[in-house]
Structure formats: C-alpha cells, structure tokens
Amino acid sequence: MQKITFMNFKGGVGKTTSVCTMAEMLGQVGYNVLIIDLDPQSNTSRVFGIQDDIEELNYEHLFLEKQNSKAEIEQFILSTEYKNVYMLPSSESLCDIIYKIYDKTKEPVNNTDERPELIFEKNLRLIENDFDYIFLDTSPFKTYLSYCSILASDKVVTPISLDNFSYEGVHKLINLIVDLNMQFQKNVEFGGVFLTKVKSKSSNLYTEMNSSYEQELDEAFIPIAIRDLIAVAEANTVFQPLFSYNKKCAALNDYIELMNYLDMLDNKHYKLLKKLLVGKSTTKKQK
C-alpha cells in the first residue's frame, strides 16, 4: 500500500489530471484506489461525479478528532462509478477546517504524537489497509491541510507544467518535507518532479527545462514527460477521467511510464495496462 501526495504550490500544473488519470488506470487493472480531495475547489471530486452528496460530511471528525473506529472514517468514503476507485471528497467547508487546525495548534500538548497536524494521519491508518493506493490531491496554497497531507503520506510527487520554470518552489517544498520529517519524526520521501503539458519533446523549451531540472534536481527529477494533447484538455473541460474519455490518447502511455518509474506497477499490471490502451475495456462498474 502506498500513500502519495501530489503537491505543487502553483496552480494549473496537472495535479488533478495526474491523480484522476493514474487512479482510474490502476482501478482498471484491479488495484483498489482511494482518492482524497483536499482542494476546496473540489475539481477532483467533480471528475468522479461527486458533487451533491457531500454537504453533511463533518470534516472536524476527520482532521480534529482522533477516531478509534474504522466505521468513523468509512463514513467519509464514497464509491464512484469507476472500477475500484473510491473518493474521500472535498467541499468548501475544508476552508474552515484550515483555520480550526491552526487554532488547535495553539493548544498545549504533552508530546509530539498529540499534535493536531497528525490527527488526520492517525485516522487514515484505520482504513489504509483496505486500499492498494491512496492518492491525496492538494490545493496550490500552502496551508495546514498541506502539512496534514504530507504527514499522512509515504511520498510526495510534484508535477510541473512546461511553462512553470521555478526551482525555488521545488526546493521550498523539499525543505518543507525535511522540516516536517524532523519536527514530527517522520520519514516522508520526496518522490520527485515530472514535467506536464509538454507539446513537443523536440522543442527548445522542453530541451532547456528538461536539462535544467535534471541538472538542478539530480535524482529528484523524474525523466518522464506528460504530453499536452487535445484529449487531455477536453477531458478536463467535461470533468471526466482521461482514460474513459479517450483511451487512445497518447498521454496515457506517459502516465503508465510514470507509474512504472515510481514502482507502482509490477510487470503483470504494466503489460495489462498497455494492452488496455489497444483493447476493449469497460470503464464503469457493471450495474
């Protein structure tokens, strides 16, 4: 089981597209995937068709109160129409939770384990063994939800769009992970940076950025680029996962190679995913 946070403190870099695409493809080949949408804009939740039935969720139970029962966490998890993909959805009320977590950090605690930033991570442990992968999609703003997400993860990966040329933001995120690991005695890994929205791998811009990031970040740079194709933009526009929208889109191959690079696929599932791109498959659950 892997818990992976997708994080970049800039918007429009492909976090949601990456989460949704990878989750759906993993579900297609039999992995159970939970997506946790921590962005109050709720775009990831909308992609998987969850909009109207999340108003009564009490996020304080999830982020501010340590739970002892698995059932207390399961009430937040909704099934989707997509095979093996489950959602812990977002809503605008997460904005209020950010301030409540902050207020709780001002209260005295006896030891590190009681810190409010760790409550979400401890609650997530109750259900994590029900899933093969847990993806956490975050907002482009650094908030206490960002801290909670990092601390609840095994690794953090960072998509960067081709027009987002900034080492500074990446290093700030890496330093944040290091600081949180030291402060809370964790071992969260920085999984690396990968480029998105690449129109042409032969362009001067791609060559320059690819070379620069590789030189600057060394092993933290993932040598996989996600192509910027019309089907990707269209799928985002209609709030639909890319695989179900157009499984012939070549960007899906990029995501398979990304998952393979991150050791998310064994050989059997890698070959099965490749086969699904040329064969027939049923995306939605059978009724």
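Structure first, text after, so check above.
Asks: Please clarify how the packing of aromatic side chains should be interpreted in this entry.
Replies: To describe a pair of aromatic rings, you give the distance between the ring centres and the angle between the ring planes. Applying the stated rule across the entire model yields 10 aromatic pairs. With 4.7 Å between their ring centres and 20 degrees between their planes, Phe63 and Phe120 make a pair best called stacked. Highlighted residues: Phe63 in helix 3 (residues 59–63) and Phe120 in helix 6 (residues 119–124), separated in sequence by 57 residues. The exposure classification of Phe63 matches that of Phe120, with both residues buried. Ring pairing ties together the aromatic residues Phe6, Tyr31, Tyr133 and Phe135, which thus form one cluster.

Asks: When you look at the packing of helix 1 (residues 15–28) against helix 12 (residues 251–261) in this model, what are you seeing that I'm missing?
Replies: Relative placement of two packed helices is described by the angle separating their axes and the distance separating the axes. Running from N to C, helix 1 and helix 12 point in directions that differ by 80 degrees, and their axes come no closer than 10 Å. In terms of their interaxial angle, helix 1 and helix 12 are classed as roughly perpendicular. In contact with Thr17, Ser18, Thr21, Met22, Met25 and Leu26 of helix 1, helix 12 contributes Leu252, Tyr255, Ile256, Leu258 and Met259. By residue class, the composition of the contact of helix 1 with helix 12 is 8 nonpolar, 3 polar and no charged.

Asks: Help me understand the side chain of Lys155 in this model?
Replies: Within the secondary structure layout, Lys155 lies in strand 6 (residues 155–161). Those residues within four positions of Lys155 in sequence are excluded, and the remaining contacts are Gln2, Lys3, Ile4, Thr5, Val188, Glu189, Gly191 and Leu262.

Asks: How do you make sense of the pattern of salt bridges when you look at a structure like this?
Replies: Two side chains carrying opposite charge are able to pair once their charged atoms lie near each other. All told, the structure shown has 10 salt bridges when counted by the stated rule. Close ionic contact of Arg125 with Glu121 constitutes a salt bridge, the shortest N to O distance being 2.8 Å. A relative accessible area of 39% places Arg125 in the partly exposed class. On the basis of relative accessibility, which here comes to 5%, the residue Glu121 falls in the buried class.

The rules behind these values
- Residues numbered from 1 in each chain as written.
- Predicted model: local features only at pLDDT ≥ 70, side-chain atom pairs only at ≥ 80, totals over all residues.
- Heavy atoms only, no water.
- Phe/Tyr/Trp six-rings, centres within 6.5 Å; stacked < 30°, edge-to-face > 60°.
- Helix = DSSP H or I, 4+ residues; strand = E, 2+ residues; numbered from the N terminus.
- Buried < 20%, exposed > 50% of the residue type's maximum accessible area, 1.4 Å probe, protein only.
- Axes fitted to C-alpha atoms, helices over the stretch in contact; angles between N-to-C directions.
- Parallel < 35°, antiparallel > 145°, perpendicular 65-115°, else oblique.
- Contact = heavy atoms within 4.5 Å.
- Nonpolar A, V, L, I, M, F, W, Y, C, P; charged D, E, K, R; others polar.
- Salt bridge = Lys/Arg side-chain N within 4 Å of Asp/Glu carboxyl O.

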